[in-house]
Amino acid sequence: KTASRSAQEIRKVMDSTKARVDAIYNRALRKNPALEGNFKFEMVIEPNGSVSSVRIISSELDDKALEAKLLARIRSIRFEAKGVSRTTVEYDYTFLPS
């Protein structure tokens, strides 16, 4: 069995893309100042580093347009290509107005 990606590696890449995710949220926040909550999703990371699928597990945002933009942003994330098995991971963001 080939290794999978480490939680630390995944978190590092996700942290590096957080500013772009926050920018999407902040644009939606201007239209709806009460917008906040947890957004939990599952993503599948291929050995080549691409995200092949993303699905919402749960969302408290109640904003379909925002959720679609977040999924598109997450799907565009690139991880390092490695000799690892396909990795399925659950991850979440908590969005709060600053």
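Below or above, wherever it landed, is the structure these notes cover. Model, not experiment: these values are computed from the prediction. (Residues numbered from 1 in each chain as written. Predicted model: local features only at pLDDT ≥ 70, side-chain atom pairs only at ≥ 80, totals over all residues. Heavy atoms only, no water.)

Quick word on the overall build of the protein
Secondary structure summary: the protein contains two helices and three strands in total. Taken over C-alpha atoms, the radius of gyration comes to 14 Å for the protein, in line with the 13 Å a tight globule of 98 residues would show. Along the three orthogonal principal directions, the C-alpha set of the protein runs to about 45 × 20 × 20 Å. The buried share among the 98 residues of the protein stands at 42%. Considering only residue pairs separated by 6 or more positions, the protein has 75% of its internal contacts joining residues 24 or more positions apart. Across the protein, 18 positive and 13 negative side-chain charges occur, with their mean positions spaced 6 Å apart. (Helix = DSSP H or I, 4+ residues; strand = E, 2+ residues; numbered from the N terminus. Rg over C-alpha atoms; globule rule 2.2 N^0.38 Å. Buried < 20%, exposed > 50% of the residue type's maximum accessible area, 1.4 Å probe, protein only. Contact = heavy atoms within 4.5 Å. Lys, Arg positive; Asp, Glu negative; His and termini not counted. Charge placed at Lys NZ, Arg CZ, Asp CG, Glu CD.)

Digging into the packing of helix α1 (residues 7-31) against helix α2 (residues 64-75)
The packing of two helices is summarised by the inter-axis angle and the distance between the axes. It is at 10 Å that the axes of α1 and α2 come closest, and there the two elements cross at 165°. One way to sum up the angle between α1 and α2 is to call them roughly antiparallel. Handedness of the α1/α2 crossing: right-handed. Contacts between α1 and α2 involve Arg-20, Val-21, Ile-24, Tyr-25 and Ala-28 on the former and, on the latter, Leu-66, Lys-69, Leu-70 and Arg-73. Of the residues contributing to the contact of α1 with α2, the split by class is six nonpolar, no polar and three charged. (Axes fitted to C-alpha atoms, helices over the stretch in contact; angles between N-to-C directions. Parallel < 35°, antiparallel > 145°, perpendicular 65-115°, else oblique. Left-handed = near helix turned anticlockwise from the far one by under 90°. Nonpolar A, V, L, I, M, F, W, Y, C, P; charged D, E, K, R; others polar.)

A closer look at α2
The terminal C-alpha atoms of α2, which comprises 12 residues, lie 16 Å apart, in line with the 16 Å expected from a rise of 1.5 Å per residue. For α2, the full list of buried residues reads Leu-66, Glu-67, Leu-70, Leu-71, Arg-73 and Ile-74. Angular distribution of buried residues about the axis of α2 spans 160°; they occupy a single face of the element. Of the surrounding elements, those touching the buried residues of α2 are α1, β1 (37-45), β2 (51-59) and β3 (87-95). The N-cap residue of α2 is Asp-63: its side-chain oxygen and the backbone nitrogen of Ala-65 are 3.2 Å apart. (Expected span 1.5 Å × (residues − 1). Arc of directions from axis to C-beta. Polar contact = N/O pair within 3.5 Å; in protein donor to acceptor, adjacent residues only side chain to side chain.)

A few points about the nonpolar core
Of all hydrophobic cores here, the largest spans 26 residues; its most connected members are Met-14, Phe-39, Phe-41, Met-43, Phe-79 and Tyr-93. Within the residue set of this core, elements represented by two or more residues are α1, β1, β2, α2 and β3. The element contributing the most residues to this core is α1, with eight residues. Those residues in contact with Met-43, other than ones at most four positions away along the chain, are Ile-10, Met-14, Val-51, Ser-53, Val-54, Ile-74, Phe-79, Thr-87, Thr-88 and Val-89. (Core = buried A, V, L, I, M, F, W, Y, C linked by side-chain atoms within 4.5 Å.)

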